[in-house]
Amino acid sequence: MNPLLAAHRHTWDNRTEIEASTLCGCCSCMEVFPAEEIVAWTGLDTSSFDHLDTASGATALCPRCGSEALIGDKAGFSLSPDFLGRMNQAWFQKTIIRKPVAKKP
Ligand SMILES: [Zn+2]
């Protein structure tokens, strides 16, 4: 599978993986920060509103920009600026940057 697509699968429903990670990267703002900075989780199950202390969503939100676009180091992908940059291009700008193919004369 294309690594950008494979990595995208790790940006939602990722609570277990994020909590097991040391560092997280954001594909939106491209910051890298310690996983314990994440305090907000989305995807809250509204049937658990009676138990908000224990309820939580399953998808991490970025503490810097609020996007649902975090990937933990446990996902096994590089959190390098290059990789996060390509993730950002693919998923936020819907753009893939390719070198032009030389045309045959
Ligand atoms: Zn962010």
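Higher on the page you've got the structure.
Basis of the calculations
Residues numbered from 1 in each chain as written. Predicted model: local features only at pLDDT ≥ 70, side-chain atom pairs only at ≥ 80, totals over all residues. Helix = DSSP H or I, 4+ residues; strand = E, 2+ residues; numbered from the N terminus. Buried ≥ 20, exposed ≤ 12 C-beta atoms within 10 Å, placed from the backbone. Core = buried A, V, L, I, M, F, W, Y, C linked by C-beta atoms within 7 Å. Contact = placed C-beta atoms within 7 Å. Pairing = 2+ DSSP bridges. Axes fitted to C-alpha atoms, helices over the stretch in contact; angles between N-to-C directions.

A. Molecular detail of the environment of Pro 63. You can see Pro 63 is positioned in the loop between β4 (59-60) and β5 (70-72). With 17 C-beta atoms counted inside 10 Å, the residue Pro 63 sits in the partly exposed group. Along the primary structure Pro 63 and Ile 96 are separated by 33 residues, whereas in three dimensions their C-alpha atoms are 26 Å apart.

B. Quick peek at the nonpolar core. Formed by 15 residues in total, the largest nonpolar core has its most connected members in Cys 27, Leu 70 and Ile 71. Elements that contribute at least two residues to this core include exactly β1 (23-26), β5 and α3 (81-91). Ignoring sequence-local partners within four residues, the contact set of Leu 70 consists of Thr 11, Asn 14, Ile 18, Cys 24, Cys 26, Ile 38, Ala 60 and Cys 62.

C. Representation of the sheet that holds β5. Pairing within the open sheet is antiparallel, and its three strands lie in the order β2-β1-β5. Two strands bound the open sheet, and with one partner strand each, they are β2 (32-34) and β5. Across the sheet, the mean angle separating the axes of adjacent strands is 30° when strand polarity is ignored. The pairing of β1 with β2 spans three bridges and is classified as antiparallel.

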